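Structural overview for review
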Amino acid sequence: QVQLVESGGGLVQAGGSRRLSCAASGRTLSNYAVGWFRQTPGKEREFVAAISRAGTTSLADSVKGRFTISRDTNNIVWLQTTSLTPEDTGAYYCAAAATTYNGSPRRRSDYKYWGQGTQITVSS
């Protein structure tokens, strides 16, 4: 069992940045691919970014060049967001998937463990 806790959300002006963290307990995140998803009311939860066990990353087209995902040795995965726009507003969730070493899945169904989410609100 993996417990995930996100933090770092908040209210930010357009053009600003937030650094989100996904901290794990129970098991080490190095054994899992980790993804970030976001959701706004009335919409499906959408893929944002993922990082494989090998450290390779995958980003949604809408965030390429603005967001980066990374992991450190302290069982934390980071999502650095920059140049935020109101369209980036939403609840951001991290999730863990037991995949192949180089896998960085984009489908929600590939992820078994989910955090409770952290909200980013971008004002114009």
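Everything numeric here is computed off the predicted structure, so don't read it as measured data. (Residues numbered from 1 in each chain as written. Predicted model: local features only at pLDDT ≥ 70, side-chain atom pairs only at ≥ 80, totals over all residues. Heavy atoms only, no water.)

What follows concerns the environment of L29. Within the secondary structure, L29 sits in the loop between β3 (18–25) and β4 (33–39). Among the residues examined, L29 registers a relative accessible area of 2% and is labelled buried. Placed 45 residues apart in sequence, L29 and N74 show a C-alpha to C-alpha distance of 9.0 Å. Here L29 is in contact with L4, C22, A24, V34, R71, N75, I76, V77 and A96, once residues within four sequence places are set aside. (Helix = DSSP H or I, 4+ residues; strand = E, 2+ residues; numbered from the N terminus. Buried < 20%, exposed > 50% of the residue type's maximum accessible area, 1.4 Å probe, protein only. Contact = heavy atoms within 4.5 Å.)

Before going further, it helps to examine unusual backbone geometry. Backbone geometry at N75 places phi at a positive 65°, although glycine is not the residue there. Residue placement: N75 occurs in the loop between β7 (67–71) and β8 (76–81). Accessibility expressed as a relative area gives 18% for N75, which makes it buried. The backbone of S83 shows a phi angle near 50°, a positive value even though the residue is not glycine.

A few words on the side chain of S52. Tracing the backbone through its elements, the reader meets S52 in the loop between β5 (46–51) and β6 (57–59). In this structure S52 comes out as buried when scored by relative accessible area, which is 0%. Engagement of the side chain of S52 in a polar contact is seen with the backbone nitrogen of A54, the distance being 3.1 Å. (Polar contact = N/O pair within 3.5 Å; in protein donor to acceptor, adjacent residues only side chain to side chain.)

Overall, the coordinates contain 5 aromatic pairs when judged by the stated rule. Taking 5.8 Å as the distance between ring centres and 75° as the angle between the ring planes, the aromatic pair formed by F37 and F47 counts as edge-to-face. Here the residue F37 occupies a position in strand β4, and F47 occupies one in strand β5, the gap between them amounting to 10 residues. By the burial criterion, F37 is buried, and F47 matches it. (Phe/Tyr/Trp six-rings, centres within 6.5 Å; stacked < 30°, edge-to-face > 60°.)

In total, this model carries 6 salt bridges according to the counting rule given. The salt bridge involving R108 is made with E44; its shortest N-O contact spans 3.5 Å. With a gap of 64 residues between them, R108 in the loop between β9 (90–97) and β10 (113–114) and E44 in the loop between β4 and β5 connect regions that are remote in the sequence. According to the relative accessible area criterion, E44 is exposed, its value standing at 62%. (Salt bridge = Lys/Arg side-chain N within 4 Å of Asp/Glu carboxyl O.)

One open sheet accounts for 4 strands, arranged β1-β3-β8-β7; its pairing is antiparallel. The open sheet has two free edges, formed respectively by β1 (3–7) and β7, since each of these has just one partner strand. This sheet shows a mean twist of 15° between the axes of neighbouring strands, independent of strand direction. Pairing of β1 with β3, which is carried by 5 bridges, proceeds in the antiparallel orientation. (Pairing = 2+ DSSP bridges. Axes fitted to C-alpha atoms, helices over the stretch in contact; angles between N-to-C directions.)

In this section: the state of the cysteines. With the rule as written, the count across this model stands at 1 disulfide. There is a disulfide in this structure between C22 and C94, and the S-S distance comes to 2.1 Å. A torsion of 65° about the S-S bond marks the disulfide between C22 and C94 as right-handed. Pair noted here: C22 is in strand β3 and C94 is in strand β9, with a separation of 72 residues, a long-range link. Accessibility assignment for this pair places C22 and C94 in one class, buried. (Disulfide = S-S within 2.5 Å.)

Keep in mind that these numbers describe shape and distance, not what the molecule does.
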